[in-house]
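Spelled out, the chains give:
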Amino acid sequence: MSGNSAHSVVEPTTTSKTVAGFLVILYALITMIPLFWIVITGFKSPPDSISYPPKVFFEPTLEGYCNLFTTRSRQTREYVEALGPPEGICDEITRKRQMVIVGDSNYWPRFQNSLIIAFGSTILAVFLGTLTAYGFSRFKVPLADDLLFFILSTRMMPPIAVAVPIYLMYRKLGLSDTALGMILLYTAVNVSLAVWLLKGFIDEIPREYEEAAMIDGYTRLQSFWKVVLPQATTGIAATAIFCLIFAWNEYAFAVLLTSGTAQTAPPFIPTIIGEGGLDWPAVAAGTTIFVVPILVFTILLRKQLLRGITFGAVRK
Amino acid sequence: MANVTLRGVSKRFKNLVAVDDVSIDIADGEFVVLLGPTGAGKTTTLRLVAGLEKPEAGSVLIDGKDVTGFAPSQRDVSFVFQQYSLYPHLSVRDNLAFPLKSPAHSLNASQIKARVEHVAELVQIAHKLDNRSTALSGGEMQRVAIGRALVRDPAVFLMDEPLSSLDAKLRGDLRVELKRIQKELGATLLYVTHDQIEAMTMADRIGILDEGRLVQLGTPREIYEDPVNVHVAARLGQPAINLLPVSVMGGVSAPQSASTMGIRTEHLDVIGQGTRASDNDDAAMKVAATLERVEFLGDQNRLHLRMGDHRIVTLGDGDIEYRIQPGSEMTLRARNALYFDQNGERVRG
């Protein structure tokens, strides 16, 4: 027995807490190995990245990042040596490989597309989802259960099943390969998730708050804005993260429906492989940067995310 | 302040008739308590006045104006909910200021501040104004909830069991306070409770609701002394009225149709055993009973008696337990009996 004088039935013992903590840390480390590998590969030189056995200790270089953001062309040694002093670190690294930078790569525009489309669709899905969920939660909607099931059922089909009709539809409407088209598509997919998640959260907010506000002289919309929304922030944050993760990572629709102007980062990153041989450091660098926004967003909202995941398991 | 009138108001939820043809006239400045068991339609009646429910039939008038089709915000009422319903994301101050900041009011910041602080004094919460509303005790939350209703100057106050979730001591204190505030403001107040003491002590008039119907409306004394049926008679009085078949009592001059008689505990005097001077002038309304047990309450004793197959309760002096032992026989005499027919309706002799 530990030193606790009061024996508790529900409080775990120190030993079991230690064991549990150790297991959690171990699991966290194991799951983070791929992430760790991607981050270090981004700083390897191409030969180091494909060496066997894999190198954990290596000389770090920014070559992967330079290759990610630039396009280069191979030149003769004489040409490269005849050039003036290198401008910046990337220029220097590139010249060592007997190449010169001829322009920017498409990574940054693709990354911007990802930001616009993912955040745009998230905002739209959460906005529509909140209003819809509130409506279903508070009003007598005819056939509410059937409608909710119908909304959910849009989520049941794999993207590939609807890809062809959407492709044809988008071509007719002029939406294919546009940011607007992708925002609408991701919103359509996410809104079902948003409605279901948010309905649960809004159901938990007692009606009395709005009723009190309405009696206090506010209209329903004002009560919604001033009383319901502030209390639904946790749910909205959790929903936003789930929507953002989906839209950010989405690959199947993006690869089918975008090719140029509206292409997002996920379908772009694999194309790096084909450009100048197997340039794994550049791929890893692209992936690392791609992970950052979602990582920051998730860390900022981790408390809400946790509540969103365990939602319904524990009543407040 | 204003008067409130309900005219034949009915409300049903699917198959359940929650409020059934209720008509009440509440005068300006009157304190009316709706009393009844759970599911009697008390809260629904209140919500109908507030506009949170729409009646199927009948109309609601506030200050003589038909407001049946009005939204809650247009009715100029304030409501205290049973579960406080303080806005959890706001401080106490902001909770109190919330009604004043509504579009219905055009007050500037200093006016709002003054009103909030005045009300905070009134409900004795001034020292907690900057607390989060979730960081209060139950009694404090309730005071804030009442304060939020008082901060405006509405046509009518509606309160739904505002004291029910408090402990007995606090409930007693707030009861007195609330009545004082209501008198001071001359407020029209419609109050829902299932606590008869709250009803008796605060109400100008009590309305007894049962299964959605307004069974009786009158002053606490009228309701207590002159109930219209068994249900009302049993609702008020602690301990509850003794209900006995008419035939049990000897020498009763009951009305023809009466089948049940009700005798309040304080109208059942112990005349045997010498607890009271026995006046043997008439033999009517006397009965013999066996004492089963005595409940000591300090200032008085409750005597639980057996009379044939029936159990009855009466009151005795604070020291009666020293003089009578359980099992002893005693003679009782009933006064002021109330008679009811087979359906429980009052029969007046």
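What you see is a predicted model; the values in this text were computed from it and never measured.

**Things to note about the overall build of chain A**
When helices and strands are counted, chain A shows 16 helices and 2 strands. In terms of overall size, chain A is more extended than a compact globule, its C-alpha atoms giving a radius of gyration of 26 Å where 316 residues would be expected to give roughly 20 Å. On the principal axes, the C-alpha backbone points of chain A span a range of 85 × 70 × 40 Å. The buried share of chain A, reckoned over its 316 residues, is 34%. Of the contacts formed within chain A by residues at least 6 apart in sequence, a portion of 75% connects residues at least 24 apart.

**With respect to the overall build of chain B**
Along chain B, the regular secondary structure elements total 8 helices and 19 strands. Each principal axis of the C-alpha atoms in chain B carries an extent, and together these give about 75 × 45 × 35 Å. For chain B, buried positions account for 40% of its 349 residues. By sequence separation, contacts in chain B at least 24 residues apart represent 65% of the contacts at least 6 residues apart.

**Focus on the pairing of strand β11 (residues 242–245) of chain B**
Residues and elements named next belong to chain B. Only one face of β11 is buried: it carries Asn 242 and Leu 244, and the other face, with Leu 243 and Pro 245, is open. Pairing of β11 with strand β12 (residues 260–263), which is carried by 4 bridges, proceeds in the antiparallel orientation. The residue bridging Leu 243 from the neighbouring strand is Gly 262, located in β12.

**What to know about the sheet that holds strand β1 (residues 4–13) of chain B**
All names here are of chain B. Across the sheet, 4 strands lie side by side as β2-β1-β4-β5; this open sheet has antiparallel pairing. Edge strands, defined here as strands with exactly one partner in the open sheet, are β2 (16–26) and β5 (65–66). Two elements, β1 and strand β4 (residues 57–62), share 5 bridges in a ladder whose sense is antiparallel. Along β4, the bridge assignment pairs Arg 7 with Ser 59. This element, helix α1 (residues 42–50), spans β1, β2 and β4 of the sheet and lies at about 60° to β2.

**Structural notes on the interface of chain A and chain B**
Each partner contributes residues to the interface: chain A has 14 residues there, and chain B has 19 residues. Secondary-structure elements contributing two or more residues to the side of chain A that touches chain B are α10 (207–215) and α11 (220–231) of chain A. Tallying contributions element by element places α10 of chain A first for the side of chain A that touches chain B, with 6 residues. Of the residues belonging to the side of chain A that touches chain B, the class tally is 8 nonpolar, 3 polar and 3 charged.

**Digging into unusual backbone geometry**
Put simply, Tyr 52 of chain A and Pro 53 of chain A share a cis peptide bond, and its omega is 0°. Mapped onto the elements of the fold, Pro 53 of chain A is located in the loop between α2 (46–49) and α3 (63–69). The step from Gln 238 of chain B to Pro 239 of chain B runs through a cis peptide bond, and the omega angle for that step is 0°. Assignment of secondary structure puts Pro 239 of chain B in the loop between α8 (230–235) and β11. Phi angles above zero are rare outside glycine, and Leu 143 of chain A is one such case at about 55°.

**Here's the deal with the domain arrangement of chain A**
Annotation of chain A at the domain level lists domain 1 (46–105) and domain 2 (108–267 + 286–309). Taking only C-alpha atoms, the centre of domain 1 of chain A and the centre of domain 2 of chain A are 41 Å apart.

**Some points on the sheet that holds strand β9 (residues 205–210) of chain B**
All names here are of chain B. The mixed open sheet is built from 6 strands, whose spatial order is β6-β7-β8-β3-β9-β10. Of all the strands in the sheet, just β6 (77–80) and β10 (213–218) have a single pairing partner and so form its edges. Sheet twist, expressed as the mean angle between neighbouring strand axes with direction ignored, is 20°. With 4 bridges joining them, strand β3 (residues 31–35) and β9 adopt parallel strand pairing. Within β9, the position partnered with Leu 34 by the bridge is Gly 207.

Reading the values: the criteria
- Residues numbered from 1 in each chain as written.
- Chains lettered and ligands numbered in written order.
- Predicted model: local features only at pLDDT ≥ 70, side-chain atom pairs only at ≥ 80, totals over all residues.
- Helix = DSSP H or I, 4+ residues; strand = E, 2+ residues; numbered from the N terminus.
- Rg over C-alpha atoms; globule rule 2.2 N^0.38 Å.
- Buried ≥ 20, exposed ≤ 12 C-beta atoms within 10 Å, placed from the backbone.
- Contact = placed C-beta atoms within 7 Å.
- Pairing = 2+ DSSP bridges.
- Axes fitted to C-alpha atoms, helices over the stretch in contact; angles between N-to-C directions.
- Nonpolar A, V, L, I, M, F, W, Y, C, P; charged D, E, K, R; others polar.
- Domains from an automatic or database assignment.

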